[in-house]
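Chain by chain, the residues:
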Amino acid sequence: MNKKTLFPLALVPLAATSLQAQSNIQAERTDKRPNIILFMVDDMGWQDTSLPFWTQKTHYNELYETPNMERLARQGMMFTQAYASSISSPSRCSLITGANAARHRVTNWTLKKNTMTDRKDKQLTVPEWNYNGISQVPGTNNTFVGTSFVQILKDSGYHTIHCGKAHFGAIDTPGEDPHHWGFEVNIAGHAAGGLASYLGEENYGHTKDGKPISLMAVPGLEKYWGTETFVTEALTLEAIKALDKAKKYNQPFYLYMAQYAIHIPLNKDKRFYDKYKKKGMTDHEAAYATLIEGMDKSLGDLMDWLEKNGEADNTIIIFMSDNGGLASESGWRDGKLHTQNYPLNSGKGSTYEGGIREPLIVSWPGVVAPDSKCDKYLLIEDFYPTILEMAGIKKYKTVQPIDGISFVPLLKQTGNPSKGRSLFWNMPNNWGNDGPGINFNCAVRNGDWKLIYYYGTGKKELFNISDDIGESNDLSAQHPDIVKKLSKELGSYLRKVDAQRPAFNATGKPCPWPDEVK
């Protein structure tokens, strides 16, 4: 008998035992980095919650019911001055690239390839902005190219899940598909930034034979068609299935839970509707309230999953909205327009606080003090370096400059990256609705002071935000020195990042930069 054959056969039981032991070792996760859930709400205003982000409770805080936001706040830190852009696409593109909207030039909402979504204006012409969105690869015109932080997470060992609204790139561009951005799993994300219907009875915007009734039809949820499952619930159920799978992988996960709620249409969620009607609310406002509570239930369901599966103590949860609440359309909102985000002025699409100030909560067990508050300001692009730092990733390469600054020192209460920092916004577009602070403007905030400049008229407004959160008292005439200083800073920044500005129809000449107007 050949001894060379005998020797390996003799080791078979030992090898099997060794493999079994190795399998048992692998069953315990070796990568102990935290899981991260970014829970992004669509069009949620600063006051669309029972959780008071102001110094006092408002009428809206009394009206809406968001017990799981309250629960999350008890676990972590509320940020009372978190900012985004005033419209979805600019915010989401800043989030995933870390670039300010003035730099990435996706300054209005995107949908069809090579198609601007701006309304025509009698006085001004919109610049050639990046209406095709963003991409990780070159080759598409009117597109900003940037490295995704999700790609960096994935490459470092995170399992990455996208669920819900994407809105990164126009139809038939690489950026339309969340997989392109480093997500291994995509649930219902595509180019559109809204939805045709929340209702399973309406197949989320599809006909009975499966044809989409509009470009806003929600994809990928066919199993819920014809049921009474609200889209918010369907997305949550699918996210939980993805988490069940992720847990078996023994690696940290990143879940981007991007609910379509509370974007229009205001389909009522029947699970909560009667409750709000009994509070005396109109049909529209009661339906709006149900979208809020349904979103909050989704947050609670994910938190419950973490607790039941032993992941709560090693999971960071970040709660955020992409822009202010809708307040400019009488067809959807009842009451006096532009007041639905009180005490803030205006709403979605506006550079006033109602359009850009968002409800941010961060829970990070063992790191962030429970039931804490932070009044320092930050901007949506700051999420990029912050999330990577949370994941222990300090060195990484990107093709684009990163404008965001990590706010981990604010979370750990070890420093203040907001001190002396200026925040910038640029909206050289005509969104489509009208109202206070909407369309053709740019702004800078430094400390308590905020300057807004209107491209078409050259008008400047100056507000002390700490004294006048509703921006009702323009102090530009009383403080010309501050106006001059902030105008110079704003103009210099916009030129530095190669920002865009509209032009006058009559002459074709570009509007002046803020520091070119006295």
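Let us look at the structure shown here. Here the structure is a predicted model, which means the values were calculated and not measured.

Parameters at a glance
Residues numbered from 1 in each chain as written. Predicted model: local features only at pLDDT ≥ 70, side-chain atom pairs only at ≥ 80, totals over all residues. Heavy atoms only, no water. Helix = DSSP H or I, 4+ residues; strand = E, 2+ residues; numbered from the N terminus. Buried < 20%, exposed > 50% of the residue type's maximum accessible area, 1.4 Å probe, protein only. Areas by Shrake-Rupley, 256 points an atom, 1.4 Å probe, with all protein chains shown as cover. Lys, Arg positive; Asp, Glu negative; His and termini not counted. Charge placed at Lys NZ, Arg CZ, Asp CG, Glu CD. Axes fitted to C-alpha atoms, helices over the stretch in contact; angles between N-to-C directions. Parallel < 35°, antiparallel > 145°, perpendicular 65-115°, else oblique. Contact = heavy atoms within 4.5 Å. Nonpolar A, V, L, I, M, F, W, Y, C, P; charged D, E, K, R; others polar. Salt bridge = Lys/Arg side-chain N within 4 Å of Asp/Glu carboxyl O. Expected span 1.5 Å × (residues − 1). Arc of directions from axis to C-beta. Core = buried A, V, L, I, M, F, W, Y, C linked by side-chain atoms within 4.5 Å. Phe/Tyr/Trp six-rings, centres within 6.5 Å; stacked < 30°, edge-to-face > 60°. Lys NZ or Arg CZ within 6 Å of the ring centre and 35° of its normal.

**Section: the overall build of the chain**
And then number 1: Helices and strands together make up the secondary structure of the chain, namely 14 helices and 17 strands.
And then number 2: Based on the C-alpha atoms only, the size of the chain along its principal axes is roughly 100 × 50 × 45 Å.
And then number 3: Out of the 518 residues in the chain, the part that is buried amounts to 61%.
And then number 4: Looking at the chain as shown, the accessible area adds up to about 20700 Å², and 53% of this sits on carbon and sulfur atoms.
And then number 5: Computed over 58 positive and 58 negative side-chain charges, the separation of the two mean positions in the chain equals 5 Å.

**Some remarks on the packing of helix α4 (residues 67-75) against helix α10 (residues 283-308)**
And then number 1: Running from N to C, α4 and α10 point in directions that differ by 50°, and their axes come no closer than 7 Å. Judged by the angle between their axes, α4 and α10 are oblique. Here Pro-67, Asn-68, Met-69, Arg-71, Leu-72 and Gln-75 of α4 come into contact with α10, specifically with Met-295, Asp-296, Lys-297, Leu-299, Gly-300, Met-303, Asp-304 and Glu-307.
And then number 2: When its residues are assigned to classes, the contact of α4 with α10 shows six nonpolar, three polar and five charged.

**Points about the pattern of salt bridges**
And then number 1: Taken as a whole and assessed by the stated rule, the structure comprises 32 salt bridges.
And then number 2: Among the ionic pairs, Lys-165 bridges to Asp-322, the shortest N-O distance being 4.0 Å. Placement of Lys-165 in the loop between β6 (159-164) and β7 (185-187) and of Asp-322 in the loop between β9 (315-321) and α11 (353-356) is noted, with a sequence separation of 157 residues between them. An identical accessibility class is assigned to Lys-165 and Asp-322; each is buried.
And then number 3: Residue Arg-421 pairs with Asp-382 through a salt bridge whose shortest N-O separation is 2.7 Å. Of this pair, Arg-421 sits in the loop between α13 (408-412) and β13 (422-427) while Asp-382 sits in the loop between β12 (378-379) and α12 (383-390), and the two are 39 residues apart along the sequence.

**Points about the environment of Gly-133**
And then number 1: Along the chain, Gly-133 turns up in the loop between β3 (124-125) and β4 (134-135).
And then number 2: It is 9.5 Å that separates the C-alpha atoms of Gly-133 and Ala-191, two residues lying 58 residues apart in sequence.
And then number 3: Every residue in contact with Gly-133, bar those within four places of it in the chain, is listed here: Val-106, Thr-110, Asn-142, Thr-143, Phe-144, Phe-168 and Gly-169.

**Let's talk about the pairing of β13**
And then number 1: Taking burial as the measure, the six residues of β13 include six buried ones, the bulk of the element.
And then number 2: Because side chains alternate across β13, one face comprises the buried residues Ser-422, Phe-424 and Asn-426, and the other comprises Leu-423, Trp-425 and Met-427, equally buried.

**Quick look at helix α14 (residues 480-496)**
And then number 1: The first and last C-alpha atoms of α14 sit 24 Å apart over 17 residues, in line with the 24 Å expected at 1.5 Å per residue.
And then number 2: Buried residues of α14: Ile-482, Val-483, Leu-486, Ser-487, Leu-490, Gly-491, Tyr-493 and Leu-494, and no others. Looking straight down α14, one finds that the buried residues subtend no more than 160° of arc, so they occupy a single side. Turned more than 90 degrees away from the buried face of α14, the exposed residues are Asp-481, Lys-484, Lys-485, Lys-488 and Lys-496.
And then number 3: Against α6 (101-104), β13, β14 (441-446), β15 (449-454) and β16 (460-464) lie the buried residues of α14.
And then number 4: Positioned one or two residues after α14, Asp-498 has a phi angle of 60°, which is positive.

**What to know about the nonpolar core**
And then number 1: If you look at the biggest cluster of nonpolar residues, it comprises 72 residues, and the most contacted ones within it are Phe-79, Phe-149, Tyr-254, Ile-318 and Phe-383.
And then number 2: Tallying contributions element by element places α14 first for this core, with six residues.
And then number 3: With residues near it in sequence (within four places) discarded, Phe-383 still touches Leu-38, Leu-95, Ile-318, Met-320, Leu-360, Leu-378 and Phe-407.
And then number 4: By size, the runner-up hydrophobic cluster in this structure holds 69 residues, among which are Met-78, Ala-242, Tyr-260 and Tyr-273.

**Here we look at the environment of Trp-431**
And then number 1: Its location among the elements puts Trp-431 in the loop between β13 and β14.
And then number 2: Trp-431 gets classed as buried once you look at its relative accessible area, which sits at 9%.
And then number 3: Note: C-alpha distance between Trp-431 and Lys-120 (311 residues apart in sequence) is 9.6 Å.

**Description of the packing of aromatic side chains**
And then number 1: By the definition in use, this model includes 19 aromatic pairs.
And then number 2: Considering the side-chain rings of Phe-183 and Tyr-254, the 6.3 Å spacing of their centres and the 25° angle between planes classify their relative orientation as stacked. One end of the pair, Phe-183, is in the loop between β6 and β7; the other, Tyr-254, is in strand β8 (residues 253-258), and 71 residues separate them in sequence.
And then number 3: Residue classification places Phe-183 among the buried positions, given a relative accessible area of 3%.
And then number 4: Owing to a relative accessible area of 0%, Tyr-254 belongs among the buried residues under this scheme.
And then number 5: Of the aromatic side chains, those joined through ring pairs into one cluster are Phe-149, Phe-183, Tyr-254, Tyr-256, Tyr-384 and Tyr-396.
And then number 6: Taking the ring centre of Tyr-273 as reference, the NZ or CZ of Lys-268 above it sits at 4.5 Å.
And then number 7: Lying over the aromatic face of Tyr-288, Arg-333 brings its terminal NZ or CZ to 3.7 Å of the ring centre.

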